[in-house]
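Given next are the chains, with one letter for each unit.
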Amino acid sequence: MTASDIHRTIDAVWRIESAKLIAGLARMVRDVGLAEELAQDALVAALEQWPNSGVPDNPGAWLMTTAKHRAIDRLRRHKLLERKHEEIGRDLEAEQELAYSEVELAADDHIGDDMLRLVFTACHPVLSMEARVALTLRLLGGLTTDEIARAFLVPEPTVAQRIVRAKRTLADAKVPFEVPRGEELHERLASVLGVIYLIFNEGYSATAGDDWMRPALCEEALRLGRVLAELVPREPEAHGLSALMEIQASRAKARTGPTGEPILLLDQNRAQWDRLLISRGLASLERAERLSEQRGIYTSQAAIAACHARARTAEATDWRRIATLYAELAQIAPSPVVELNRAVAVSMAAGPAAALVIVEGLVNEPSLKNYHLLPSVRGDLLRKLGRMDEARREFERAASLTRNVREKELLMERARTCE
């Protein structure tokens, strides 16, 4: 195996093992920032030693053992909180003596709980949403600062600063490395689900940049969603979110043309939709609905996505059911964006005139003042009603509001068709 082969192997191992490694270390040292530093130290050791010694039979256990050694050295060197030093040092020294296989078994005993603790810590409400996203991708996704920066089109130093501040905030606030209980669990779970879905949406419909989609973010959110659903198997909304992302991701290949141009839902070639992802999504939706008679925010959206997935052609879509589901969603989580989506469904089910009434009621909504999809939807309804000059102006306004180059081009093309 060449040096480049070993480096690729180390990269793959890190992607697979880093979250488990950081989670296990955080349980031991009670500090997420320190846990990540120790994991990084172990990664550096692998990069230095494996090209000469070869990849160990159990690379995950090797990394964990190395990180534990570094933890003991650091705790001794810095004399951090004598009591903490003594307690953790004794635990680590005892575990240090285990063989690799025993270390792996010891880690597996806690891995589910440790991962869950790490998820809730990275997504703690004490952090800003931007910080939660960056820290989640860093700790749970194993992404580098540069990868996160490129994914969100922000400078690398900005991301690095967010991560450093997030770790400091968690330490200053003395956030415990634990899974919340009772009512707090549901509140905190909502934060976790929101972070994962934000990551997915940024990949599915990028808010800025030259590309309409960023598949790597979608894939990372899908992976995190699947992991979370298995960590909290009795939480219906975790399965609902997983279902929603699986079904939406199934359309990825059909959403862009040969040069990357966007293709809207009704114009997509549904033969290109990934039936495996659809079947996974429908199974997750069924699981969520079995767990609760009342659909939550994500399960309701997954049910809407399922209506599209089950229709083999755009004409076969059950728009009346979709409009009903949006009305149900508006009861659960009322918002102008939900109303705008309901208007689109009403347009397909009952005609553009009925939908335009709903949209006109949103025109003066402050939260939608700079939301490009409002004039986009209004323009589409006006075009269908034959009011071409008004429709053109709405599409042009929508194009001026979006920061995504591909979407801007699409909206300007729609404006030209109204001339």
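The rules behind the values
- Residues numbered from 1 in each chain as written.
- Predicted model: local features only at pLDDT ≥ 70, side-chain atom pairs only at ≥ 80, totals over all residues.
- Heavy atoms only, no water.
- Axes fitted to C-alpha atoms, helices over the stretch in contact; angles between N-to-C directions.
- Helix = DSSP H or I, 4+ residues; strand = E, 2+ residues; numbered from the N terminus.
- Parallel < 35°, antiparallel > 145°, perpendicular 65-115°, else oblique.
- Contact = heavy atoms within 4.5 Å.
- Nonpolar A, V, L, I, M, F, W, Y, C, P; charged D, E, K, R; others polar.
- pLDDT = per-residue confidence, 0-100.
- Phe/Tyr/Trp six-rings, centres within 6.5 Å; stacked < 30°, edge-to-face > 60°.
- Buried < 20%, exposed > 50% of the residue type's maximum accessible area, 1.4 Å probe, protein only.
- Lys NZ or Arg CZ within 6 Å of the ring centre and 35° of its normal.
- Left-handed = near helix turned anticlockwise from the far one by under 90°.
- Expected span 1.5 Å × (residues − 1).
- Bend = angle between axes of the 7 residues up to and from the residue.
- 1 Å grid on protein atoms, 1.4 Å probe; cavity = no way out; pocket = protein on both sides within 12 Å on 5 of 7 lines; lining within 4 Å.
- Points joined across faces, edges and corners; volume = space filled by probe spheres on them.
- Salt bridge = Lys/Arg side-chain N within 4 Å of Asp/Glu carboxyl O.
- Patch = residues over 30% accessible without salt bridge, like charges linked within 9 Å, V, L, I, M, F, W, Y side chains within 5 Å.
- Areas by Shrake-Rupley, 256 points an atom, 1.4 Å probe, with all protein chains shown as cover.
- Core = buried A, V, L, I, M, F, W, Y, C linked by side-chain atoms within 4.5 Å.

Considerations on the packing of helix α6 (residues 129-139) against helix α9 (residues 182-204)
Thinking step 1. Two elements in contact, α6 and α9, have axes separated by 10 Å at closest approach and are oriented at 75 degrees. Taken together, the axis directions place α6 and α9 in an arrangement best described as roughly perpendicular. Residue-level contacts link M129, R132, V133, T136 and L137 of α6 to S191, V195, L198 and I199 of α9.
Thinking step 2. For the contact of α6 with α9, the class distribution of residues is 6 nonpolar, 2 polar and 1 charged.

Considering the environment of R168
Thinking step 1. Mapped onto the elements, R168 comes out in helix α8 (residues 156-172).
Thinking step 2. Put simply, R168 and V32 are 136 residues apart on the chain and 9.6 Å apart in space, counted from C-alpha to C-alpha.

Section: the confidence of the model for the protein chain
Thinking step 1. Per-residue pLDDT for the protein chain averages 88, and the proportion of residues at 70 or more is 91%.
Thinking step 2. Across the protein chain, the secondary-structure element scoring lowest on mean pLDDT is helix α4 (residues 82-96), at 57, and the one scoring highest is helix α11 (residues 236-249), at 98.
Thinking step 3. Within the model, pLDDT remains below 50 along residues 97-109, and this stretch shows 12 contacts once partners closer than five positions in the same chain are excluded.

Some remarks on the environment of I278
Thinking step 1. The topology assignment puts I278 in helix α12 (residues 275-291).
Thinking step 2. It is 6.4 Å that separates the C-alpha atoms of I278 and E246, two residues lying 32 residues apart in sequence.
Thinking step 3. In this structure, I278 is in contact with I247, S250, W273 and A309, ignoring residues within four places of it in sequence.

Structural notes on the packing of aromatic side chains
Thinking step 1. Enumeration over the complete set of coordinates arrives at 4 aromatic pairs.
Thinking step 2. Geometrically, the ring pair formed by W50 and W62 is edge-to-face, given 5.2 Å between the ring centres and 70 degrees between the ring planes. Placement of W50 in helix α2 (residues 32-53) and of W62 in helix α3 (residues 59-78) is noted, with a sequence separation of 12 residues between them.
Thinking step 3. A relative accessible area of 10% means that W62 is categorised as buried.
Thinking step 4. Between the aromatic rings of Y197 and Y298, the centroid separation amounts to 5.7 Å while the plane-to-plane angle is 85 degrees, which identifies the pairing as edge-to-face. Taken together, the positions of Y197 in helix α9 and Y298 in helix α13 (residues 297-310) put the pair 101 residues apart, joining distant regions of the chain. This pair shows no difference in class: Y197 is buried, exactly as Y298 is.
Thinking step 5. Among the aromatic side chains, those forming a connected cluster through ring pairs are Y197, F200, Y204 and Y298.
Thinking step 6. Between the NZ or CZ atom of R251 and the centre of the ring of W273, over which it lies, the distance is 5.7 Å.
Thinking step 7. Taking NZ or CZ as reference, R255 lies 3.7 Å from the ring centre of Y204, over its face.

Re the packing of helix α10 (residues 215-231) against α11
Thinking step 1. Two elements in contact, α10 and α11, have axes whose closest approach is 9 Å; the angle formed by their N-to-C orientations is 150 degrees. The orientation of α10 relative to α11 falls into the category roughly antiparallel. Helix-helix and strand crossings are classified by hand; for α10 and α11 the assignment is left-handed. Residues A221, L222, G225, R226 and A229 of α10 lie in contact with α11, whose contacting residues are A238, H239, S242, M245, E246 and A249.
Thinking step 2. Residue composition of the contact of α10 with α11, by class: 6 nonpolar, 3 polar and 2 charged.

Digging into the environment of A249
Thinking step 1. Relative to the helices and strands, A249 resides in helix α11.
Thinking step 2. Residue classification places A249 among the buried positions, given a relative accessible area of 11%.
Thinking step 3. Distance in space between the C-alpha atoms of A249 and G281 is 9.5 Å, their sequence separation being 32 residues.
Thinking step 4. In this structure, A249 is in contact with F200, Y204, L222 and L277, ignoring residues within four places of it in sequence.

Quick notes on helix α1 (residues 3-29)
Thinking step 1. Under the 1.5 Å per step criterion, the end-to-end length of α1 is only 33 Å for 27 residues, more than 12% shorter than the ideal 39 Å.
Thinking step 2. Along α1, the largest kink reaches about 50 degrees and is centred on E17.

Regarding empty space enclosed by the protein
Thinking step 1. For the coordinates displayed, the defined rule picks out 2 cavities of 30 Å³ or more.
Thinking step 2. There is about 90 Å³ of room inside the largest cavity.
Thinking step 3. In terms of lining residues, the largest cavity is bounded by M115, V119, C123, T136, L140, V192, I196, R223, L224, V227, L228 and L231.
Thinking step 4. For the lining of the largest cavity, the element with the highest residue contribution is α10, accounting for 5 residues.
Thinking step 5. In terms of residue class, the lining of the largest cavity is made up of 10 nonpolar, 1 polar and 1 charged.

What to know about the pattern of salt bridges
Thinking step 1. Scanning all chains against the criterion turns up 26 salt bridges.
Thinking step 2. A salt bridge links R138 to E36; the nearest nitrogen and oxygen atoms lie 2.5 Å apart. Linking R138 in helix α6 with E36 in helix α2, this pair joins segments that are 102 residues apart in sequence.
Thinking step 3. On the basis of relative accessible area, R138 is assigned to the buried category, the value being 18%.
Thinking step 4. The exposure class assigned to E36 is buried, which follows from its relative accessible area of 2%.
Thinking step 5. For E230, the salt bridge identified is with R287, shortest N-O distance 3.2 Å. On the criterion of sequence distance, the pair formed by E230 in helix α10 and R287 in helix α12 is long-range, its members being 57 residues apart.

Remarks on a nonpolar patch on the surface
Thinking step 1. Among the surface-exposed residues, L266, V344 and M348 lie close enough to one another that they form a single nonpolar patch of about 210 Å² accessible area.
Thinking step 2. Structurally, the position occupied by V344 is in helix α15 (residues 336-350).

Looking at the nonpolar core
Thinking step 1. Core analysis: the biggest nonpolar cluster contains 89 residues, and L25, F200 and L228 have the highest contact counts within it.
Thinking step 2. Ranked by the residues each element gives to this core, the list is headed by α1, at 12 residues.
Thinking step 3. Beyond its immediate chain neighbours, meaning those up to four positions away, L25 contacts R30, A35, L38, A39, M64, A67 and K68.
Thinking step 4. Counting residues in hydrophobic clusters, the runner-up holds 32 residues, among them A303, L325, Y326 and A399.

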